[in-house]
Amino acid sequence: TEQYMNLDISARNNLELTQSMHKGEKHATLLWVLDQTKTSMGQRLLRSYIEQPLMSVAGIIRRQSAVSELFDNSIMRSEIREKLNNVYDLKRVLTRVVYGNISPRELNSLAYTAEQIPSIIDSLKCAKSELLKDVLASIDPLDDIKEMITATISENAPAVLKDGGYIKAGF
């Protein structure tokens, strides 16, 4: 709680951070102005940054440095944005895995996303800001998961488990 600024509901409403006062929608809010995210995961992260501003000056400068680097390096930014177009919502997919209600097609989307990770890592290798370097160091390429799914699940897997026929022959 000491890490983030505590904004009561009145302050959140008056500042129109993520919801407008008049219509209760995203339009004409700070989130609406800033949101250039490519993924649902990025949108949720941006929303949390807006709803829970950092208190630490060092943390704020660290974030600013990363944003500044991405803003100034249009090549790296556009490469990453393009690659994120091919990334599924990992949080949603992994939640479904944990609860055991994932479809074979969603497992394939997890493998497909894992295939995109090495190119995202390559795009981040030239990063200079500490935050982007930390992000790079924390990325798990998910090779083991990708290999298991591609060895097990048919490429044309159905959307529903009960339809069957999603396990590759010979597995």
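Every chain is numbered on its own, with residues counted from 1 as its sequence reads. Per-residue local features of the predicted model are confined to residues with pLDDT of at least 70, and side-chain atom pairs are confined, for both listing and counting, to 80 or more; whole-chain, interface and lining totals are unaffected and use all residues. Hydrogens are left out, water is left out, and the side-chain values use all remaining heavy atoms of the structure.

Chemist: Would you mind going over helix α4 (residues 57–72) with me for this structure?
Modeler: Three or four residues apart is the spacing at which side chains of an α-helix point the same way, because the helix has 3.6 residues per turn. Secondary structure is summarised from DSSP: a helix means a run of H or I of at least four residues, a strand means a run of E of at least two, and numbering begins at the N terminus for each. To estimate the expected span of a helix, subtract one from its residue number and multiply by 1.5 Å. The first and last C-alpha atoms of α4 sit 22 Å apart over 16 residues, in line with the 22 Å expected at 1.5 Å per residue. Taken residue by residue, α4 has Gly59, Arg63, Ala66 and Glu69 as its buried positions. Seen from one end, α4 has its buried residues packed into an arc of 125°, which puts them on one side. In this structure, α4 carries Val57, Ala58, Gln64, Phe71 and Asp72 as exposed residues pointing more than 90 degrees from its buried face. Polar contacts, as used here, are pairs of N or O atoms within 3.5 Å; protein pairs need one atom able to donate a hydrogen and one able to accept it. Residues neighboring in sequence count only if both atoms are side-chain atoms. The residue sitting at the N-terminus of α4 and contributing the capping side-chain oxygen is Ser56; that oxygen lies 3.3 Å from the backbone nitrogen of Ala58. Burial classes: relative accessible area under 20% of the type maximum marks a residue as buried, over 50% as exposed, and values in between as partly exposed (1.4 Å probe, protein chains only). Here the arc refers to the set of directions running from the helix axis out to each C-beta atom.

Chemist: Any chance you could explain the packing of aromatic side chains here in plain terms?
Modeler: Where two aromatic rings form a pair, the distance of their centres and the angle of their planes describe that pair. Any Phe, Tyr or Trp ring, taking Trp's six-membered ring, that has another such ring centre within 6.5 Å forms a pair; planes under 30 degrees apart are called stacked, those over 60 apart edge-to-face, and the others tilted. Applying the stated criterion to the full structure yields one aromatic pair. Criterion for a charge above a ring: Arg CZ or Lys NZ at most 6 Å from the ring centre, at most 35 degrees from the ring normal. In this structure, Arg63 is placed above the aromatic ring of Tyr49, and the distance from its NZ or CZ to the ring centre is 3.4 Å.

Chemist: Help me understand the side chain of Thr113, please; the structure alone is not making it clear to me.
Modeler: Following the sequence through the fold, Thr113 ends up in helix α7 (residues 104–124). Look at Thr113 and you get buried, because its relative accessible area is 1%. In contact with Thr113, not counting residues within four places along its chain, are Asn86, Val87, Tyr88 and Leu90. Contacts are assigned to residue pairs that have any heavy atoms within 4.5 Å of one another.

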